[in-house]
Amino acid sequence: LAKTTQPISMDSYEGQEVNITCSHNNIATNDYITWYQQFPSQGPRFIIQGYKTKVTNEVASLFIPADRKSSTLSLPRVSLSDTAVYYCLVGRPSNSGYALNFGKGTSLLVTP
Amino acid sequence: DTAVSQTPKYLVTQMGNDKSIKCEQNLGHDTMYWYKQDSKKFLKIMFSYNNKELIINETVPNRFSPKSPDKAHLNLHINSLELGDSAVYFCASSLSKGPGTEAFFGQGTRLTVV
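Cut-offs and rules
Residues numbered from 1 in each chain as written. Chains lettered and ligands numbered in written order. Predicted model: local features only at pLDDT ≥ 70, side-chain atom pairs only at ≥ 80, totals over all residues. Heavy atoms only, no water. Helix = DSSP H or I, 4+ residues; strand = E, 2+ residues; numbered from the N terminus. Rg over C-alpha atoms; globule rule 2.2 N^0.38 Å. Contact = heavy atoms within 4.5 Å. Buried < 20%, exposed > 50% of the residue type's maximum accessible area, 1.4 Å probe, protein only. Areas by Shrake-Rupley, 256 points an atom, 1.4 Å probe, with all protein chains shown as cover. Lys, Arg positive; Asp, Glu negative; His and termini not counted. Charge placed at Lys NZ, Arg CZ, Asp CG, Glu CD. Pairing = 2+ DSSP bridges. Axes fitted to C-alpha atoms, helices over the stretch in contact; angles between N-to-C directions. Phe/Tyr/Trp six-rings, centres within 6.5 Å; stacked < 30°, edge-to-face > 60°.

### Structural notes on the overall build of chain A
Across its full length, chain A holds 0 helices and 9 strands. For chain A, the N- to C-terminal ordering of α and β elements is β-β-β-β-β-β-β-β-β. The C-alpha atoms of chain A give 14 Å as radius of gyration, which agrees with the globular expectation for 112 residues (13 Å, within 12%). Along the first, second and third principal axes, the C-alpha set of chain A runs to 45 × 30 × 25 Å. Partitioning the contacts of chain A with sequence separation of at least 6, the portion at a separation of at least 24 is 55%.

In structure tokens, the structure reads:
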């Protein structure tokens, strides 16, 4: 499994754009990049997934450069409710499912 | 309807006891998992079941025994509980095939061993 590295914590003010970068130097050809969000006392929740270039949904955007050795999760105009831990995962589904270890994640604190 | 539900949400028990945590998913997924999140917030895979068959068994003590009566259920039984077993346990499910897929998690079971 590809190892991922992301900042332990980030701070932001409400209304700002937040970019969280994840490094995954040994990503394999068939690997996808997935980001999850976890609020205290809840299970992780899927945010976005991509393979290359850019993916956007109603919550976030995911930017993946051509070499795919890193990715950036972009949260536009964050609010207080975006305070959570964000996990970057790299892997591919197989007969064993999509079991991945989540690592330490990035703890994002949004303040007024 | 809750997609992945686990019971109980909280479990406090004494060392040496045996306890079970139940998990059910109504998403029609063929793969289910158990994860453990410790006090440092690391979320680690324990087991993975695909169509009721054990696929992944990470380095988990054999006091932990998952049981999958059918595709929609994956229960976790823990024998002879120890203090170090205190953690939040998450059940999850996903599809095993596809170009990329997401896992859906339950709300977690906070196990406290005293």
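Having seen it, we continue.
### Observations concerning the overall build of chain B
Within chain B, the regular secondary structure consists of 0 helices and 11 strands. For chain B, the succession of helices and strands along the chain, N to C, is β-β-β-β-β-β-β-β-β-β-β. For chain B, whose C-alpha radius of gyration is 13 Å, the value lies close to the compact-globule estimate of 13 Å for 114 residues. Seen through its principal axes, chain B has C-alpha atoms that stretch 45 × 30 × 25 Å. With 114 residues in all, chain B has 45% of them scored as buried. By sequence separation, contacts in chain B at least 24 residues apart represent 55% of the contacts at least 6 residues apart. In the structure as shown, chain B presents an accessible area of about 5600 Å², 50% of it carried by carbon and sulfur atoms. Here chain B contributes 13 positive and 11 negative side-chain charges, whose respective centroids are spaced 5 Å apart.

### A word on the sheet that holds strand β5 (residues 53-56) of chain A
Residue and element names in this part refer to chain A. Read from one edge of the open sheet, 4 strands run β2-β7-β6-β5, paired in antiparallel fashion. Because the sheet does not close on itself, it has two edges, and the strands there are β2 (18-23) and β5. Geometrically, the sheet is characterised by an average inter-axis angle of 15 degrees between neighbouring strands, direction not taken into account. One ladder, built from 6 bridges, connects β2 with strand β7 (residues 70-75); its direction is antiparallel. When the sheet's bridge partners are listed, S23 is paired in β7 with S70.

### Remarks on the pairing of β5 of chain A
Residues and elements named next belong to chain A. Taken together, the 4 bridges between β5 and strand β6 (residues 61-64) define a ladder with antiparallel strand orientation. Bridged to T53 within β6 is I64. Counting the residues between successive antiparallel strands, the hairpin from β5 to β6 contains 4 residues.

### Observations regarding the packing of aromatic side chains
Using the criterion set out here, one finds 7 aromatic pairs over all chains in the structure. Aromatic pair Y32 of chain A and Y51 of chain A: ring centres 5.3 Å apart, planes at 55 degrees, arrangement tilted. Taken together, the positions of Y32 of chain A in strand β3 (residues 32-38) and Y51 of chain A in the loop between β4 (45-50) and β5 put the pair 19 residues apart, joining distant regions of the chain. Judged by its relative accessible area of 28%, Y51 of chain A is partly exposed. Plain terms: the ring middles of Y36 of chain A and F105 of chain B are 6.1 Å apart, the flat faces sit at 85 degrees to each other, and that makes the pair edge-to-face. On the criterion of chain membership, the pair formed by Y36 of chain A in strand β3 and F105 of chain B in strand β10 (residues 104-105) is interchain, its members lying in two chains. A relative accessible area of 2% places Y36 of chain A in the buried class. Through pairs of rings, three or more aromatic residues link up here, namely Y36 and F46 of chain A together with Y33, Y35, F90 and F105 of chain B.

By themselves these figures say nothing about function.
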